[in-house]
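Descriptive structure summary
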2 protein chains.
Amino acid sequence: MRTSAAVLDLSNSPYAVVRPVPPGRVEVAEGFWHHRMRVMCTHGLHRQFEQCEVTGRLRNFERAAGRLDGEFEGRYYNDSDVYKWLEAASYALARTPSADLEARVSSVIEAIRAAQRPDGYINSYFSGPRASWRYRNPRDEHELYCMGHLIQAGVAHRRSTGSDRLFDIVVRAADHICATFGPEGRQEPDGHPGIEMALVELARETGSPAYLRQAVFFLDQRGADPPHLSGLHYHQDHAPVREQHDADGHSVRLTYLAAAMADAAMDTGEVELLQASIRLWESAYERRAYVTGGLGSRYQGEAFGADFELPNDRAYAETCAAVGGIFWNARLLAATGDARYADWLETALYNGALAGVSPDAGAYFYANPLAADPQPTPDDQGGVHSSGAQPTVGGHTRQPWYDTACCPPNIARLLLSLPGYAYGLSAGALWVHQYLPGRVEAVLPDGGSITLRIATCYPWDGDVDLVVEDAPQGPVELRLRIPSWAEGASLEVDGSCEALKPGTYAAIRRVFSTGTTVCLRLPMDVRLIASHPRVQANTGRVAIARGPLIYCIEAADHPESTVDALLLGPASDLQARDEPDLLGGLTTIRGTAGVAMQNRSDGLYSRFEGGRPRLTGSTPLTAIPYFAWANRTPGAMRVWIPYVDG
Amino acid sequence: MRTSAAVLDLSNSPYAVVRPVPPGRVEVAEGFWHHRMRVMCTHGLHRQFEQCEVTGRLRNFERAAGRLDGEFEGRYYNDSDVYKWLEAASYALARTPSADLEARVSSVIEAIRAAQRPDGYINSYFSGPRASWRYRNPRDEHELYCMGHLIQAGVAHRRSTGSDRLFDIVVRAADHICATFGPEGRQEPDGHPGIEMALVELARETGSPAYLRQAVFFLDQRGADPPHLSGLHYHQDHAPVREQHDADGHSVRLTYLAAAMADAAMDTGEVELLQASIRLWESAYERRAYVTGGLGSRYQGEAFGADFELPNDRAYAETCAAVGGIFWNARLLAATGDARYADWLETALYNGALAGVSPDAGAYFYANPLAADPQPTPDDQGGVHSSGAQPTVGGHTRQPWYDTACCPPNIARLLLSLPGYAYGLSAGALWVHQYLPGRVEAVLPDGGSITLRIATCYPWDGDVDLVVEDAPQGPVELRLRIPSWAEGASLEVDGSCEALKPGTYAAIRRVFSTGTTVCLRLPMDVRLIASHPRVQANTGRVAIARGPLIYCIEAADHPESTVDALLLGPASDLQARDEPDLLGGLTTIRGTAGVAMQNRSDGLYSRFEGGRPRLTGSTPLTAIPYFAWANRTPGAMRVWIPYVDG
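Residues numbered from 1 in each chain as written. Chains lettered and ligands numbered in written order. Predicted model: local features only at pLDDT ≥ 70, side-chain atom pairs only at ≥ 80, totals over all residues. Heavy atoms only, no water.

**Some remarks on the overall build of chain A**
- Along chain A, the regular secondary structure elements total 14 helices and 24 strands.
- Whereas a compact globule of 646 residues would reach a radius of gyration of roughly 26 Å, chain A reaches 25 Å, a difference of no more than 12%.
- Dimensions along the principal axes, computed over C-alpha positions, put chain A at roughly 75 × 70 × 50 Å.
- Looking at chain A residue by residue over its 646 residues, the buried ones come to 65%. (Helix = DSSP H or I, 4+ residues; strand = E, 2+ residues; numbered from the N terminus. Rg over C-alpha atoms; globule rule 2.2 N^0.38 Å. Buried < 20%, exposed > 50% of the residue type's maximum accessible area, 1.4 Å probe, protein only.)

Take a look at the structure:
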């Protein structure tokens, strides 16, 4: 099974350090991700298409084209969901030909073509009776954001299928944007970034520097005096992006913005943009990220919190922010080769993002809390709703769709483009960022090619065998990522064994012969994780982890106790256990938990009676991977569990 | 010093159980509250008036009257701040005659009179060019809410001064409302309750049952099918109020609504309304209240959280919700005589509400977190602002005023009407709900009167001497509240000593003679408080308390350590110390704290290395009353402090 469509094509980006191996040269074999990609192809994408149909998202294009009567349905930014679906479907077509899917893609492209205005503008809401409202409020009405997703879809469709049908539409839209916004034209950027990454990639695809200039123009329009948007942190408009330090404001927007800064820097060489993106990353991931890779501590403003403000029950951690964080990490990794970005990419991928989709790819999370109770109070906001800043959150049950449906197609396009995130190339070196079974045929930038077959049951097992199937005459460097959690990792080639440093790339430079096997051993011991002491929410608590997976405890596995009464201690004796029949097959972690006294009769607050919780005894504990939560009987869940010493 | 204006006049409310002693019969002597009331009179009220002037709140009335040109200034619900100020100023005039204040009150009343429409309607925003917008959206535009505050001001002004100048305006406004809304008229209630309590009190003041019927009508318009408002929990519109169970949605609104339910029940005898109010109270105070009496766990929607969802750093706990909770508790106390309401009233008064105002009554809090760090991230919400649901929060520094300025005049009217909350009457009994020095002359409902002089330094000291200055011939019952925290309380009369049960009223029924002294001894030991184990935010943490006061630790007292590194343990040896020179005089609690290792080099998350925090040593700890925080150098603050056993 192959995918050919690269999300990032850095082959001509002069300042990139590690360029992704085109996914057309990556084969994904049966295993963890293969399964999820297949389900998304065969089931998820079709359910999403049907949702776009029944909610009127597709009819809106027909109406904008004048082919259908009736009022626009849904929210004014709903086109973007169709475009993201199209991007995901394009990746799918490159992997698994499907006449059915191809027909759907084709019909959507035709509807978009018909809805596009003669000057290239397209938005199905700002059409017909509302055509004159065009660009009346780029801050809130997201036409550029929508067209950004259109551009990404067009680039993906061309790279996947070789067809220019969608791409021609995209170029007209982009040219229209360049003609309208710029130093001599309209000055405002979109309130929701997205167009910037899209234009950088379009510049790469076309070779036209105008799109890159336009992207940098939009980046630099934030933080103007007087402000073009609001001057608020919410819009990342409080300071020029090159001067921003803290990951503030709307979390999805920040990830898209900072990803575009790194993106542009790889093509323009503007170190200022890269440095600012890295500063923001350090704020986001060193002080404001959940252990799952989730971002966004506040429902209000869907925003980052202060440093170390990481509530578990009210974690917003929108699926899109985890996905946007993956886009951002992938770009910083390409721009620097620093393993820390690949580490957080992996964490977000296996935890914060993957939790956003059910095993059958039929239901999604918008918010991804790290603690849940059976009956959360309603999240209805009431009053006058703002422009999409208050999504339908849907409590803590996955939903087949949302009024604001950014998350479902976002996770789809991520999953179906995943092979593009696994391998990288630099002069004389092949980088392995993520471990998944299959094959990679890498054409080295300085000539020659190397083919590896990778055999692994990662993330359930830490053994990764990389078998050289074809190698050049001269020396090649293999750079294997040693995850930061992999203390005790080792590597064996031809009988020689080497200990490895976590959080780095292990470099093996040598002449490889066909059949040589590099055996990487990543220790899969059960770990407990502590938070920095300034994370108030986690005082006295630990999280369970194994490999890249963060675990949680759920009510479904603990019928005898309430989940929030369980606590860990030195005698918990946590052990991994493979359970092929549970939730499609996974490794649980089992042990013994203490059970704290609950339901105190003395109320919400009472006199404190000593330091340790009174226990009523102990009980078997089962932890499952966080990504798998909320797929059985609804009930309480905890990632961070109290730990009592002795 | 006297106040004569009762907030609640239950003398003719047939279903009230304990009727407040009119504040005109209550004298407040020098002490904790006397000082704060005086500062509010002599300084706070004048600063608030000036804010109403400079922000155009007063000019808006002149414009509505056609006496001034120019555009309306501020927000459309700003009239309500002026009305609340007028209510507070009326209480002040009853206590301390002031020509200055009287002139200001008089000028405001004249402006209101001139702005009132001939039919009785009044709102300075919906006037002039916007007159035709009247009642276009009662859900969001709060005209009834504003007129509710006007009515409360008019009742207070009449009870304080005997004048009908404002009261006549009020009656015209109320008659207009009754003519417009009702079974035969407009159906919607206001999205923000407030008019209901006002109409009940107006019915009491006028003896006209129409206002009471109108209040009950408004109460019962929530939860209609189809909904009159939104059907959302935010508006408490998801179910009829008589069927509501959980304290959900906007917290201030819920307190005003549920207070009105209890209020109406005392006059109509509708047990359903009372029972529903009690159910909501149990949800609010037994599962969703902060230890400070603060209400509202979420910035988003300014809402209650789920059961036990009580974050400390992002506690919203709006000052107005603590104040509204006091109104609610006072009404349930009057309706039932149950000490638990007086307990929470006291807690909110000394902590959650009082923290909302600075010692000089010149600066206020909107949100009242239970943990703060020096530089919280901005709370700007961005996007399209909703109708006042997103106030100017102002970080964690008290502000002299707010764009949405509900809190400053709310705390003013509470403080200046406080004597009305201290004493109650039932057949043959005088109830002492709150302990403050001074005198009460109670006319018993069944004839006779009793005068007590109360000597106490409460809350700094737990000795309360109640000296009988005048007593009837026959037996009288004194009912003294024994706070729920007062384990070990005792009472001595004429040599006989009695142990008391916390959380009840101790009843002393006897024939009192002049000079008899009842000596109540409330133990003022330093207590540690634990939360119910389901409060995730407080796992492993305790709060320090003494008497009714909750304490906190602040950076200003701990220059050598960061506040979030301090922890308590069995050796902390906490002792109270009177400090007359600190922050106007208060009792601190001092002891020894452990200092946890901070600034771990290994980042936000790391491998867990054992159950107890590593300590770098110990340091002197100073805790101050929570109400006094944020009055010195800005810095971190914590109410809930980690406790490590051994």
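**Points about the pattern of salt bridges**
- Summed over the entire model, instances satisfying the criterion amount to 108 salt bridges over all chains.
- Residues E270 of chain A and R242 of chain A are paired through a salt bridge, measuring 2.9 Å at the closest nitrogen-oxygen approach. Placement of E270 of chain A in the loop between α10 (251–268) and α11 (271–287) and of R242 of chain A in the loop between α9 (209–220) and α10 is noted, with a sequence separation of 28 residues between them.
- The class of E270 of chain A is partly exposed, set by a relative accessible area of 25%.
- With its nearest N and O atoms 2.8 Å apart, the salt bridge here joins D263 of chain B to R204 of chain B. With D263 of chain B in helix α10 (residues 251–268) and R204 of chain B in helix α8 (residues 195–206), this pair connects stretches of sequence that are 59 residues apart. (Salt bridge = Lys/Arg side-chain N within 4 Å of Asp/Glu carboxyl O.)

**Focus: the domain arrangement of chain A**
Residues and elements named next belong to chain A.
- For chain A, the assigned domains read domain 1 (31–126 + 137–373 + 396–420), domain 2 (422–521) and domain 3 (526–642).
- Each of domain 1 and domain 2 has a C-alpha centre, and the two are 31 Å apart.
- The interface of domain 1 with domain 2 comprises 15 residues on the first partner and 17 residues on the second.
- When domain 1 packs against domain 2, close to 1200 Å² is buried across both sides, 58% of that on carbon and sulfur atoms.
- By the criterion of area lost to domain 2, the three top residues of domain 1 are F32, D343 and E346, representing 37% of everything that side buries.
- For the pair domain 1 and domain 2, the number of links is two salt bridges.
- R481 is the salt-bridge partner of E346, the closest N and O atoms lying 2.9 Å from each other.
- Between domain 1 and domain 2 we count seven residue pairs in polar contact (both at pLDDT 80 or more) in total.
- Among the secondary structure elements, those contributing two or more residues to the side of domain 1 that touches domain 2 are α1 (32–54) and α13 (339–353).
- Element by element, the count of residues in the side of domain 1 that touches domain 2 is highest for α13, at six residues. (Domains from an automatic or database assignment. Contact = heavy atoms within 4.5 Å. Buried area = accessible area lost by both parts, 1.4 Å probe. Polar contact = N/O pair within 3.5 Å; in protein donor to acceptor, adjacent residues only side chain to side chain.)

**As for the nonpolar core**
- In this structure, I112, W328, Y423, L430, I544 and V639 of chain B are the most contacted members of the largest nonpolar core, which totals 229 residues.
- Setting aside residues up to four positions removed in sequence, W328 of chain B forms contacts with L254, T255, A258, A259, S277, L280, W281, A284 and Y285 of chain B.
- Of all hydrophobic cores here, the second largest spans 228 residues; its members include V7, L219, A264 and L444 of chain A. (Core = buried A, V, L, I, M, F, W, Y, C linked by side-chain atoms within 4.5 Å.)

**Thoughts on the sheet that holds strand β10 (residues 476–482) of chain A**
All names here are of chain A.
- Ordered in space as β2-β5-β6-β10-β13, the five strands form an open sheet in which the pairing is mixed. Of all strands in the sheet, those bounded by a partner on one side alone are β2 (19–20) and β13 (504–510).
- The pairing of β10 with β13 spans seven bridges and is classified as antiparallel. Within β13, the position partnered with R481 by the bridge is Y505.
- α13 rests against β10 and β13 of the sheet, and its axis sits at about 50° to β10. (Pairing = 2+ DSSP bridges. Axes fitted to C-alpha atoms, helices over the stretch in contact; angles between N-to-C directions.)

**A few points about the environment of V542 of chain B**
- Following the sequence through the fold, V542 of chain B ends up in strand β16 (residues 541–546).
- Each C-alpha atom, one on V542 of chain B and one on D338 of chain B, is 28 Å from the other, the two residues being 204 residues apart in sequence.
- In this view, V542 of chain B contacts F608 of chain A together with L528, I529, L568, V639, W640, I641 and Y643 of chain B; residues no more than four positions away in its chain are not counted.

**A few points about the interface of chain A and chain B**
- Contacts between chain A and chain B engage 76 residues on the former and 76 residues on the latter.
- When chain A packs against chain B, close to 6700 Å² is buried across both sides, 50% of that on carbon and sulfur atoms.
- There are ten salt bridges connecting chain A and chain B.
- R534 of chain B is the partner of D373 of chain A in a salt bridge, and the nearest nitrogen-oxygen pair spans 3.8 Å.
- Connecting chain A to chain B are 22 residue pairs in polar contact (both at pLDDT 80 or more).
- At the level of secondary structure, the elements contributing two or more residues to the side of chain A that touches chain B comprise α5 (138–141), α11, β15 (526–531), β16 (541–546), β21 (605–607) and β24 (640–642) of chain A.
- In terms of residue count, the dominant contributor to the side of chain A that touches chain B is β15 of chain A (five residues).
- Partitioned by chemical class, the residues of the side of chain A that touches chain B number 30 nonpolar, 22 polar and 24 charged. (Nonpolar A, V, L, I, M, F, W, Y, C, P; charged D, E, K, R; others polar.)

**Here's the deal with the packing of aromatic side chains**
- What the rule picks out here adds up to 64 aromatic pairs over all chains.
- Ring plane angle 65° and centroid distance 4.5 Å describe the contact between F608 of chain A and Y643 of chain B, whose orientation is recorded as edge-to-face. Taken together, the positions of F608 of chain A in the loop between β21 and β22 (615–625) and Y643 of chain B in the segment after β24 (640–642) put the pair across two chains.
- The buried category is assigned to Y643 of chain B, whose relative accessible area is 13%.
- On the numbers, 5.8 Å between centres and 55° between planes, the contact of F61 of chain B with Y83 of chain B is tilted. Taken together, the residues span a long stretch of sequence, with F61 of chain B in helix α2 (residues 57–64) and Y83 of chain B in helix α3 (residues 79–95) at a distance of 22 residues. Here the two residues F61 of chain B and Y83 of chain B agree in accessibility, since each one is buried.
- Members of the aromatic cluster, joined through ring pairs, are F32, W33, Y350, Y435, Y458, W460 and F627 of chain A.
- Between R314 of chain A and the ring centre of Y299 of chain A, over which it is positioned, the NZ or CZ distance is 3.8 Å.
- If you follow R36 of chain B out to its NZ or CZ, it ends over the ring of F32 of chain B, 3.9 Å from the centre. (Phe/Tyr/Trp six-rings, centres within 6.5 Å; stacked < 30°, edge-to-face > 60°. Lys NZ or Arg CZ within 6 Å of the ring centre and 35° of its normal.)

**Re the relation of the copies chain A and chain B**
- Under the fitted operation, chain A is carried onto chain B by 0.0 Å of movement along the axis and a turn of 179°, and the coordinates agree to an RMSD of 0.0 Å. What we have between these two chains is a two-fold relation. No C-alpha of chain A lies nearer the rotation axis than that of Q300 of chain A, which sits 2.4 Å from it.
- Mapped onto chain B, 100% of the interface residues of chain A again fall at the interface, so both copies present the same surface. (Least-squares fit on C-alpha atoms with pLDDT ≥ 70 in both.)

**Quick word on the packing of α3 of chain B against helix α6 (residues 143–161) of chain B**
Residue and element names in this part refer to chain B.
- The N-to-C vectors of α3 and α6 enclose an angle of 15°; their axes lie 8 Å apart at closest approach. Between α3 and α6, the crossing angle belongs to the class labelled roughly parallel. In terms of crossing hand, the pair formed by α3 and α6 is left-handed. In this structure, α3 contributes D79, S80, Y83, K84, L86, E87, S90, Y91, L93 and A94 to the contact, and α6 contributes Y145, C146, H149, L150, Q152, A153, A156, H157, S160 and T161.
- Its residues placed into classes, the contact of α3 with α6 shows ten nonpolar, seven polar and three charged. (Parallel < 35°, antiparallel > 145°, perpendicular 65-115°, else oblique. Left-handed = near helix turned anticlockwise from the far one by under 90°.)

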